[in-house]
Structure formats: structure tokens, C-alpha cells
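# Residue-level structural notes
Residues per chain are reported as follows:
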Amino acid sequence: MYDYDLLVVGSANADLVISVERRPGAGETVLGSDLAVHPGGKGANQAVAAARLGARTALLARVGDDAHGRLLLDSQRTAGVDTAGVLVGGAPTGVALITVDPSGDNSIVVSPGANGRLTPADVRAADGLLRASRVVSAQLEIPLETVVEVVRNLGPDSRFVLNPSPPRPLPAEVLAACDPLIVNEHEAQVILGGQADGVGERPEDWARALLAKGPRSVVVTLGAQGALTADADGVTRVPSVKVAAVDTTGAGDAFTAALAWKLGADSALPEAAAYAARVGAAAVTKQGAQESYPTAPEVEAL
């Protein structure tokens, strides 16, 4: 019996958000809205999203001993996330600078701060937490060597889910543990590296090429076109859910969290991805990241 449905190992950032009529070009200044500060970071977002859906969730992360760190801890606890694994100190809390245009699309620059101080030693010290978790999810806003250590310390029956964002080439050891590897178009191209040019232009081709690199399964997210899944049973298209997008910040994190939780509950990969697509769609209808995440009844209403 696992203590947690999902352990998220990853980043926690304060999101500093400004709405703009259009994003500036090189050397250009544009005026925007008043600054809004939201709790964010891919790891913290995923933990809140899963907890709001009803998953027993824990977070392993690092924040600074500052106001942004307290904001993030308060958000986790309010959502019902176990924060025993959140370490405090070592550097200021990570910050993401986000601009959002009228269509809801965003551009993000991240200063990692304390996220860069989440070390392999921290993972080893949290060995009991990893082994108590049915599914472990990670991203790449923390050091890659820390993600490698997560893979090496998984429980014997724990499932590992990775969203390699921001993307970079991955060691074979990490790829082999992914079940699934979750990527968008850009991330897929980076992970494929030199192979990308010869793969083809269809997302199905990317998914098969990624699967051949070692993951047990792959999910490619396609924005308004939905997603597709790939595993030993083949490639399956997952349709999108049509909504009026307000702010896409954190929607991918909501998708990943919902997918990881459903897989831990023994849903088939296409079924879990279809549910995750509804969760991601619900998230884009509201401003912010964590504040926009739906509860299970809100997802069912879609």
C-alpha cells in the first residue's frame, strides 16, 4: 500500500505575470498590465493540480527562506499537498517572468534560484518518500543529475513520468525509465536531436522515433490539436477539448499531473491522456497557473 498516489520532484517558482497586447521584439519596449504574483513552477504546479483532483500528493522541492517561498508553501498546503519534502534555504526562491498576450499564449523566462540547489543528496535523503509513492513525476527545471538520482532511487514498482521541460538531451538511463515521456513539439525535436530531420513531419512519426530511443511510452501534446500516445500497443490520437482560452500558463503541468495520477490508478494510457486533456482545457479558462486548476467535479462538467 502506497502512502502517496503521486510524488512530484521538481521546481517551485513565484510567477511574475504581466498581460500585454503583444510581446516585444528585440530592443522593443511595450506597456502591460499591473504585475500579478502567483505561485508556480512546474513541480509545484503539478503537485497542486493533482491534489485538487483528489490525488494523495507530496512534493520534493527547494524554496528560499523568503516571501515567495512562503507563498508557495501556503499554496501547496491549501491544496492538500504534503510539504514534508519541501526544503527551505540555500538560495532565493526561483522566479518566472511571464508575459501573456490576448490569445492566452505566454512567454516565460525562469531564474532557477533555489531550484538549482535541489541536489542528488536531497533525493537520497528522501528515499523513504520515493518508495512510498505509486508514481513519481519530474521535470527539468531542477538539475539533470538530480533527475538521474530520482530514477536510481525509485521504488521497485513505482512508475516514473517525465516532462523534459526546458528540453535537453537525456541520458539513456533516464529515457529507459520514462513511462511516459511527455513532450510538446519543440521538446520532441530537442530530445530527438540529430535524428529529428530524418523522422518526418507528422507527430506520429516523432512519437515512434522517441519510443525507439528507450521510453516505455510516449505522449506528445499538440495544443489545440489534442495529443497522441505511443507505446507497445501502437499510436493513438487523443482529441482536444474546445474552450475559450484565457491564459495557457501551467496548462501543460495540469495535463501531466492528471495523466500521472490516472496512470497510477491503472487507467490505460489513451484513457489517461483523454482525461488529462480535459484537465488542461479547464485550466486555460482561468488566469494564473495553480489558481486555475480544476477539481474533479469541474473536470467532469466538461
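These lines cover the structure that appears in this document, whether it is placed above or below. Remember, it's a predicted structure, so these values are computed and weren't measured experimentally. (Residues numbered from 1 in each chain as written. Predicted model: local features only at pLDDT ≥ 70, side-chain atom pairs only at ≥ 80, totals over all residues. Heavy atoms only, no water.)

Let us look at the pairing of strand β12 (residues 227–231). Of all 5 residues in β12, 4 are buried; the element is thus mostly enclosed. By the bridge criterion, 4 bridges tie strand β11 (residues 218–221) to β12 in an arrangement that is antiparallel. Among the inter-strand pairings, V218 is bridged to a residue of β12, identified as A230. What sits between the antiparallel neighbours β11 and β12 is a turn of 5 residues, in which G223 has the positive phi angle 60 degrees. Here β12 folds back onto strand β13 (residues 234–238) in antiparallel fashion, the turn holding 2 residues. (Buried < 20%, exposed > 50% of the residue type's maximum accessible area, 1.4 Å probe, protein only. Helix = DSSP H or I, 4+ residues; strand = E, 2+ residues; numbered from the N terminus. Pairing = 2+ DSSP bridges.)

Turning next to unusual backbone geometry. In this structure, P166 follows S165 across a cis peptide bond, with omega equal to -5 degrees. Relative to the elements of secondary structure, P166 occurs in the loop between β9 (159–163) and α6 (172–177). D179 connects to P180 through a cis peptide bond whose omega is 10 degrees. By secondary structure assignment, the location of P180 is in strand β10 (residues 178–183). One non-glycine residue, D266, adopts positive backbone phi at about 75 degrees. Mapped onto the secondary structure, D266 falls in the loop between α9 (251–264) and α10 (269–283).

The next subject is the sheet that holds strand β2 (residues 13–19). Strand order across the open sheet formed by 4 strands is β3-β2-β6-β7, with mixed pairing between neighbours. Since the sheet does not close on itself, it has two edges, and those belong to β3 (36–40) and β7 (106–111), each with one partner. The sheet shows a mean angle of 25 degrees between the axes of neighbouring strands, taken without regard to direction. In the packing of helix α2 (residues 67–79) onto the sheet, contacts are made with β2, β3 and β6 (94–100), and the angle to β3 comes to roughly 55 degrees. (Axes fitted to C-alpha atoms, helices over the stretch in contact; angles between N-to-C directions. Contact = heavy atoms within 4.5 Å.)

Here the focus is α9. Taking 1.5 Å per residue as the helical rise, α9 with its 14 residues ought to reach 20 Å, and the 20 Å between its terminal C-alpha atoms agrees with that figure. Within two residues after α9, D266 carries a phi angle of roughly 75 degrees, on the positive side. (Expected span 1.5 Å × (residues − 1).)

The next thing to look at is the packing of helix α1 (residues 42–53) against α2. Between α1 and α2, the least distance of the axes is 9 Å, while the angle of their chain directions is 20 degrees. Classified by the interaxial angle, the pair formed by α1 and α2 is roughly parallel. As for the relative orientation of α1 and α2, their crossing is left-handed in sense. Side by side, α1 and α2 meet where A44, A47, V48, A51 and R52 of the first sit next to L72, S75, Q76 and A79 of the second. (Parallel < 35°, antiparallel > 145°, perpendicular 65-115°, else oblique. Left-handed = near helix turned anticlockwise from the far one by under 90°.)

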